[in-house]
Amino acid sequence: MPKLTRRNSGPAPEQGVRSVGAEAVHVGRNKIRSIGIAVVGLLVAIGIILTVGGAAPPTRTTRPLLLGGIAAGPDGPIALPTDAPPTPATDVERAWLAQGTVPGTTPAYKAMAERALLDMRLLTQPDGSVAAAWFGIWKYVWPRDAAWVAAAFTATGHDREALAVLRRLVALQRPDGTWEARYRLDGKPVGDDRAAQLDANGWVPWAIWFWYAHQDPNDPATVSALGELWPTVRAASDRAVGRLRGNGLPPKGSDYWETRTDQATLGTAAPLLAGLRGAVALAGRVGDADAGQRWAGAVARLDRGIRVEFGEVGYPRTAHAKGGADTAVTWLGPPFARPDEKVAGAVRKSAEALTLPNGGILPGEHWGGDLTAAWTPETASFALFSAASGDRAEAERWLTWLASHRTAHGALPEKVDSAGRPASVAPLAWTSAAVLLALVALDEPLPIP
């Protein structure tokens with residue numbers, strides 16, 4: 001740089017003022033250059049987070065337990081304090097439980113299942129809207145959570161509630177075949193900047209297929225209900241197929257992590273595969289051969305894309321060697337897909353990577369939130385995979401952990417903190433549903449699309 005060389009060689013006296021000015025310009029330029037380098041470095045760091053972790057970091061803190069459970073009130077659920085003791089089921093609640101089954105092979109499992117069922121019933125509104133939890137920003141309908149709840153009601157024989165939830169999901173579907181990330185209980189979109197999650201286009205058709213698989217196909221009521229639900233399956237599946245890319249995978253987008261991502265994730269691809277498989281089976285029942293054939297081709301492309309893009313690097317969150325372990329790998333096996341040895345191996349490795357000192361599961365290896373708090377829906381997903389895969393010992397290990405980390409009232413919380421205490425909100429509908437499905441799977445095989 002000529003100016004730097006001239007300044008270091010020593011200017012003539014009469015040029016001194018101009019040399020100082022040149023040095024000031026040079027220093028100023030260096031500062032600008034340093035700032036620019038820092039900004040670029042920051043952008044690169046963010047890019048690494050998005051590329052490797054698949055998401056922008058969510059909140060890093062875990063709230064302490066905000067409520068210990070819920071109880072029936074004259075106008076809906078009543079939030080209970082964190083130290084609320086267990087309460088026996090009322091006559092009305094016992095009669096409702098008796099309409100179906102309460103799964104569980106031990107007293108502890110039975111108690112957990114009974115409380116989970118009653119909590120799901122309380123969180124499900126008369127119109128079928130399912131509140132994720134009965135507190136603040138959780139008192140919304142997430143299509144994903146509601147689909148799992150419908151499946152759990154189905155598996156325990158509470159078909160009326162299952163059908164009510166499915167019908168509500170039908171009503172909430174957008175004209176383009178997708179769903180909002182979440183809705184208010186009155187059905188209005190929350191209206192924030194939370195991106196829609198394409199995984200609902202898998203979870204909802206899967207839940208409808210799961211419900212149908214438990215029904216008598218010759219019952220006129222079943223035929224009528226399927227006819228009512230079928231347009232939603234068709235619209236959701238067509239939309240999902242239309243979004244698949246050349247490699248067979250869905251586009252980048254938010255999934256159950258509910259954070260930004262610039263890559264396709266297993267958390268979207270896995271439920272879409274389960275949903276499309278269920279849709280193909282349902283197409284055969286309603287006689288829509290064209291749709292069934294179209295979706296079958298998409299299933300093959302998506303399955304191949306997952307096996308190639310994710311499977312060849314160990315089924316991480318994103319199709320990248322450093323994508324990191326993710327709970328969503330459990331959704332590639334029973335009861336959502338046929339057993340696969342490579343997937344089972346990835347599930348075992350993911351469990352090892354994601355198990356925290358408190359015994360529960362972290363959502364993902366590159367999770368950007370509190371790295372000391374376990375999440376119960378994710379832990380229950382591993383329990384469900386193990387139970388549906390026939391690994392009773394492993395399933396019971398997870399279920400025993402979940403049973404021992406409930407609130408004093410017996411509700412399943414969203415999280416368990418580093419000290420092993422229930423945290424955040426309780427009960428959480430998604431966890432209750434996943435636990436019930438796992439308990440049922442210990443007693444009898446669950447259908448697989």
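As a reminder, the structure under discussion sits directly above these lines.
The shown structure was predicted, so the numbers you read here are calculated from the model rather than taken from an experiment.

About the criteria used
- Residues numbered from 1 in each chain as written.
- Predicted model: local features only at pLDDT ≥ 70, side-chain atom pairs only at ≥ 80, totals over all residues.
- Heavy atoms only, no water.
- Helix = DSSP H or I, 4+ residues; strand = E, 2+ residues; numbered from the N terminus.
- Buried < 20%, exposed > 50% of the residue type's maximum accessible area, 1.4 Å probe, protein only.
- Contact = heavy atoms within 4.5 Å.
- Areas by Shrake-Rupley, 256 points an atom, 1.4 Å probe, with all protein chains shown as cover.
- Pairing = 2+ DSSP bridges.
- Phe/Tyr/Trp six-rings, centres within 6.5 Å; stacked < 30°, edge-to-face > 60°.
- Lys NZ or Arg CZ within 6 Å of the ring centre and 35° of its normal.
- Salt bridge = Lys/Arg side-chain N within 4 Å of Asp/Glu carboxyl O.
- Axes fitted to C-alpha atoms, helices over the stretch in contact; angles between N-to-C directions.
- Parallel < 35°, antiparallel > 145°, perpendicular 65-115°, else oblique.
- Left-handed = near helix turned anticlockwise from the far one by under 90°.
- Expected span 1.5 Å × (residues − 1).
- Bend = angle between axes of the 7 residues up to and from the residue.
- Core = buried A, V, L, I, M, F, W, Y, C linked by side-chain atoms within 4.5 Å.
- Lys, Arg positive; Asp, Glu negative; His and termini not counted.
- Polar contact = N/O pair within 3.5 Å; in protein donor to acceptor, adjacent residues only side chain to side chain.
- Nonpolar A, V, L, I, M, F, W, Y, C, P; charged D, E, K, R; others polar.

Undergrad: I keep staring at the overall build of the protein chain and nothing clicks. Help me out?
TA: The helix and strand inventory of the protein chain stands at 14 helices and five strands. Per-residue burial for the protein chain yields a buried fraction of 54% across its 449 residues. Pairs at least 24 apart in sequence give 68% of the contacts found in the protein chain among residues at least 6 apart. Here the protein chain displays about 18,900 Å² of accessible surface, and carbon together with sulfur accounts for 57% of that area.

Undergrad: Would you take a moment to explain the sheet that holds strand 3 (residues 374–375) for this structure?
TA: Picture the strands of a sheet paired through backbone hydrogen bonds; they go either parallel or antiparallel. Pairing within the open sheet is antiparallel, and its three strands lie in the order 3-4-5. Bordering the open sheet on either side are strand 3 and strand 5 (422–423), each of which pairs with just one other strand.

Undergrad: What exactly am I supposed to notice about the packing of aromatic side chains here?
TA: This model, assessed by the stated rule, comprises 22 aromatic pairs. For the ring pair Trp96 and Phe153, a centre distance of 6.1 Å and an interplane angle of 90 degrees mean the geometry is edge-to-face. Taken together, the residues span a long stretch of sequence, with Trp96 in helix 3 (residues 91–98) and Phe153 in helix 5 (residues 143–155) at a distance of 57 residues. Positioned over the ring face of Trp134 is Lys139, at 4.4 Å from the centre of the ring. In this structure, Arg144 is placed above the aromatic ring of Trp430, and the distance from its NZ or CZ to the ring centre is 5.2 Å.

Undergrad: I'm lost on the pattern of salt bridges in this one. Help?
TA: Proximity of charged atoms lets side chains of opposite charge pair with each other. Under the defined criterion, the tally for this structure stands at 24 salt bridges. Between Asp91 and Arg94 there is a salt bridge, and its shortest N-O distance comes to 2.2 Å. Of the two residues, Asp91 and Arg94 both sit in helix 3, three residues apart, roughly one turn of that helix. Relative accessible area serves as the criterion here: at 59%, Asp91 is assigned to the exposed category. In this structure, Arg234 engages Asp238 in a salt bridge whose closest nitrogen and oxygen atoms are separated by 4.0 Å. Placement of the pair is Arg234 and Asp238 together in helix 8 (residues 220–243), with a separation of four residues, close to one helical turn.

Undergrad: Explain the packing of helix 12 (residues 376–388) against helix 14 (residues 429–443) to me, please; I cannot follow it from the model alone.
TA: Two packed helices can be described by the angle between their axes and the distance between those axes. Across the interface, helix 12 lies against helix 14 with an axial gap of 8 Å and an inter-helix angle of 15 degrees. Taken together, the axes of helix 12 and helix 14 are roughly parallel relative to one another. The crossing of helix 12 and helix 14 is left-handed. Here helix 12 contributes Thr376, Pro377, Ala380, Ala383, Leu384, Ala387 and Ala388 to the contact with helix 14, which in turn contributes Trp430, Thr431, Ala434, Val435, Leu437, Ala438, Ala441 and Leu442.

Undergrad: Is there a simple way to think about helix 7 (residues 200–213) in this case?
TA: Note: α-helices contain 3.6 residues per turn, so residues at a spacing of three or four share the same orientation. Helix length check: helix 7, at 14 residues, gives a terminal C-alpha distance of 19 Å against a target of 20 Å (1.5 Å per residue), a fit within 8%. With 13 of its 14 residues buried, helix 7 lies for the most part within the structure.

Undergrad: Sorry if this is basic, but what is going on with the environment of Lys415 here?
TA: Tracing the sequence through the fold places Lys415 in strand 4 (residues 415–416). For the pair Lys415 and Pro64, spaced 351 residues apart in the sequence, the C-alpha separation amounts to 9.2 Å. If we skip the residues at most four places from it in the chain, Lys415 touches Thr61, Thr62, Ala374, Trp375, Thr376, Arg421, Pro422, Ala423 and Ser424.

Undergrad: Honestly, helix 8 in this entry has me stumped. Any pointers?
TA: Under the 1.5 Å per step criterion, the end-to-end length of helix 8 is 35 Å for 24 residues, consistent within 8% with the ideal 34 Å. Leu229 marks where helix 8 bends most, by close to 35 degrees; the proline Pro231 follows one to four residues later. Taken together, the buried positions of helix 8 are occupied by Thr222, Ala225, Leu226, Leu229, Trp230, Thr232, Val233, Ala236, Ser237, Ala240 and Val241. Contact partners of the buried residues in helix 8: helix 6 (159–172), helix 7, helix 9 (266–286) and helix 10 (289–310).

Undergrad: Before we go on, may I ask you to explain the pairing of strand 2 (residues 76–80) in this structure?
TA: Side-chain positions along a regular strand alternate between the two faces of the sheet. Sheet analysis places strand 1 (residues 69–73) next to strand 2, joined by five bridges and oriented antiparallel. Paired with Ile70 across the bridge in strand 2 is Ala79. Here strand 1 folds back onto strand 2, and the loop between the two strands holds two residues.

Undergrad: Looking at this structure, I do not really get the nonpolar core. What am I missing?
TA: Across soluble globular proteins, nonpolar side chains have a tendency to be buried as a group. Residues Trp148, Ile306 and Leu399 are the most contacted members of the largest nonpolar core, which totals 127 residues. Among the elements that line this core, the one with the most residues is helix 14, at twelve residues. Discounting residues that sit within four places of it in the chain, Trp148 has contacts with Trp203, Trp331, Phe336, Ser381, Leu384, Trp430, Ala433, Ala434 and Leu437.

Undergrad: So what exactly am I meant to see when it comes to the side chain of Glu93 here?
TA: One can find Glu93 in helix 3. Buried charge Glu93 goes without a salt bridge, the closest partner of opposite sign being Arg121 at 4.8 Å. Within the structure, the side chain of Glu93 is placed 2.9 Å from the backbone nitrogen of Thr90, a separation counted as a polar contact. In contact with Glu93, other than residues within four places in its own chain, are Pro88, Leu118 and Arg121.

Undergrad: What am I meant to see in the environment of Ala89 here?
TA: By the secondary structure assignment, Ala89 is in the loop between strand 2 and helix 3. For the pair Ala89 and Glu114, spaced 25 residues apart in sequence, the C-alpha separation works out to 8.8 Å. Once residues within four sequence positions are removed from consideration, Ala89 is found in contact with Arg94, Glu114 and Leu118.

Undergrad: Just checking my understanding: could you explain the packing of helix 3 against helix 4 (residues 107–123) for this structure?
TA: One way to put it is that helix 3 packs onto helix 4 with a least axis distance of 11 Å and a crossing angle of 105 degrees. By the criterion of interaxial angle, the relationship of helix 3 to helix 4 is roughly perpendicular. Here helix 3 contributes Val92, Glu93, Trp96 and Leu97 to the contact with helix 4, which in turn contributes Glu114, Leu117, Leu118 and Arg121. Split into classes, the residues belonging to the contact of helix 3 with helix 4 amount to five nonpolar, no polar and three charged.

Undergrad: What is the right way to read the side chain of Thr327 from this model?
TA: Mapped onto the secondary structure, Thr327 falls in the loop between helix 10 and helix 11 (341–354). Residue class for Thr327 comes out buried when judged on its relative accessible area of 0%. With sequence-adjacent residues up to four places away left out, Thr327 is seen in contact with Tyr256, Leu354, Ile361, Leu362, Pro363, Glu378, Ser381 and Phe382.

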